[in-house]
Amino acid sequence: MESQVGVQEREKTLNKGRTAIVISHGPYCLDGMASATCVGRFYGEVNVTPFFTHPSNVDRVIKEVTQNSKQPQDLWIADITWKNPETDQYLKQLAKDGWRIFWADHHAIAIDKSERDVKEMGLTGWVVSDKYSAARLLFDYMVSHEDKIGKANQELLEFQKVVLLADDNDRWIHNISGSRELALTVAALSGIDAYHELVHIDSNVKYSSKMQDAYRKACE
């Protein structure tokens with residue numbers, strides 16, 4: 001049995017010096033924003049570069065944001081899926097070059113992809129399902145796969161309420177108080193401002209003054 005010290009050392013090795021790029025649906029989508037923020041909170045804000053894009057542009061964005069990297073990084077693709085077969089080959093080459101690639105999505109385009117083709121790409125990990133929103137799929141993956149990415153830190157765990165709000169809103173359940181309001185707030189903030197606010201939000205989802213102003217504007 002592996003000792004506790006051994007576990008800690010293995011987790012340090014998994015993420016030692018790792019930086020990440022996350023490409024997600026946005027900039028107005030709460031689910032895509034929450035997905036990206038899971039990555040930001042796990043790695044630490046300074047170690048993550050987020051990009052938000054429309055599904056029609058994702059193939060181009062994947063290549064543009066990775067091709068000039070001087071060394072392999074971790075690439076997370078969340079709440080969005082590439083379309084072109086050429087991107088399959090590009091991601092396969094990134095994996096061969098030492099990139100760790102993770103993917104989480106709940107849209108039909110993702111579910112329709114061949115599992116065999118995905119496995120052949122050499123992704124480090126992925127989760128594709130229409131059971132939950134992308135943010136919830138990604139959060140659940142991150143907290144249950146420490147063998148691949150290391151143990152989930154407190155910053156990520158304290159983001160669970162936002163993830164559940166995003167899931168509630170994205171699947172049009174609206175059983176959790178505040179999910180619509182948070183979606184409106186994120187849409188009003190848009191892009192990197194919304195991302196930074198969620199990276200720092202507390203476990204009770206207490207709105208900052210900037211978020212309060214955005215919500216008021218969204219309701220005007």
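Definitions and cut-offs
Residues numbered from 1 in each chain as written. Predicted model: local features only at pLDDT ≥ 70, side-chain atom pairs only at ≥ 80, totals over all residues. Heavy atoms only, no water. Helix = DSSP H or I, 4+ residues; strand = E, 2+ residues; numbered from the N terminus. Rg over C-alpha atoms; globule rule 2.2 N^0.38 Å. Contact = heavy atoms within 4.5 Å. Areas by Shrake-Rupley, 256 points an atom, 1.4 Å probe, with all protein chains shown as cover. Lys, Arg positive; Asp, Glu negative; His and termini not counted. Charge placed at Lys NZ, Arg CZ, Asp CG, Glu CD. Buried < 20%, exposed > 50% of the residue type's maximum accessible area, 1.4 Å probe, protein only. Core = buried A, V, L, I, M, F, W, Y, C linked by side-chain atoms within 4.5 Å. Axes fitted to C-alpha atoms, helices over the stretch in contact; angles between N-to-C directions. Parallel < 35°, antiparallel > 145°, perpendicular 65-115°, else oblique. Nonpolar A, V, L, I, M, F, W, Y, C, P; charged D, E, K, R; others polar. Polar contact = N/O pair within 3.5 Å; in protein donor to acceptor, adjacent residues only side chain to side chain.

K.L.:
How do you make sense of the overall build of the protein chain when you look at a structure like this?
P.N.:
Helix and strand content of the protein chain: 13 helices and five strands. Here the C-alpha radius of gyration of the protein chain, 17 Å, is about what a compact globule of 220 residues would show, namely 17 Å. In terms of overall dimensions, the protein chain has C-alpha extents of about 50 × 45 × 35 Å along its principal axes. Within the protein chain, contacts between residues at least 6 apart in sequence are counted, and of these 72% link residues at least 24 apart. For the protein chain, the exposed area adds up to about 11,200 Å²; of that, 48% sits on carbon and sulfur atoms. Here the protein chain contributes 26 positively and 32 negatively charged side chains, and the mean placements of these two sets differ by 3 Å.

K.L.:
Sorry if this is basic, but what is going on with the environment of Val65 here?
P.N.:
Note that Val65 resides in helix H3 (residues 58-66). Using a relative accessible area of 16% as the deciding quantity, one classes Val65 as buried. For the pair formed by Val65 and Pro50, sequence separation is 15 residues and the distance between their alpha carbons is 9.8 Å. Beyond its immediate sequence surroundings of up to four residues, Val65 is in contact with Ile21, Ile23 and Phe51.

K.L.:
Even after reading the chapter, I still don't get the nonpolar core, so can you show me in this structure?
P.N.:
One broad rule of soluble globular proteins: the nonpolar side chains tend to lie buried together. Residues Trp76, Met142 and Leu182 are the most contacted members of the largest nonpolar core, which totals 45 residues. For Trp76, the residues in contact, after removing those within four places along its chain, are Ala20, Ile21, Val22, Ile23, Val39, Tyr43, Phe102, Leu138, Tyr141, Met142 and Ile149. Membership of the second largest hydrophobic core comes to 21 residues, among which are Trp82, Leu94, Trp99 and Leu123.

K.L.:
Where do I start with the packing of helix H2 (residues 30-43) against helix H7 (residues 134-144) in this structure?
P.N.:
Closest axis-to-axis distance for the H2/H7 pair is 7 Å, and the angle between their directions is 20°. As the angle between them shows, H2 and H7 are arranged roughly parallel. Seen from H2, the contacting residues are Asp31, Ala34, Ser35, Cys38, Val39 and Phe42; seen from H7, they are Ala134, Ala135, Leu138, Phe139 and Met142. A class-by-class count of the residues in the contact of H2 with H7 yields nine nonpolar, one polar and one charged.

K.L.:
Explain the environment of Glu45 here, please?
P.N.:
Tracing the chain through its elements places Glu45 in the loop between H2 and strand S2 (48-53). When the C-alpha atoms of Glu45 and Val199 are compared, they prove to be 7.2 Å apart, with 154 residues separating the residues in sequence. Residues within four places of Glu45 in sequence aside, it is in contact with Gly40, His196, Val199 and His200. Side chain to side chain, Glu45 and His196 meet in a polar contact 2.5 Å long.

K.L.:
In this structure, what is going on with the environment of Pro27? I would like to understand it.
P.N.:
In this structure, Pro27 sits in the loop between strand S1 (20-25) and H2. For Pro27 and Cys38, which are eleven residues apart along the polypeptide, the C-alpha to C-alpha distance reads 15 Å. Excluding residues that lie within four positions of it along the chain, Pro27 makes contacts with Met33, Phe52, Val186, Ser190 and Gly191.

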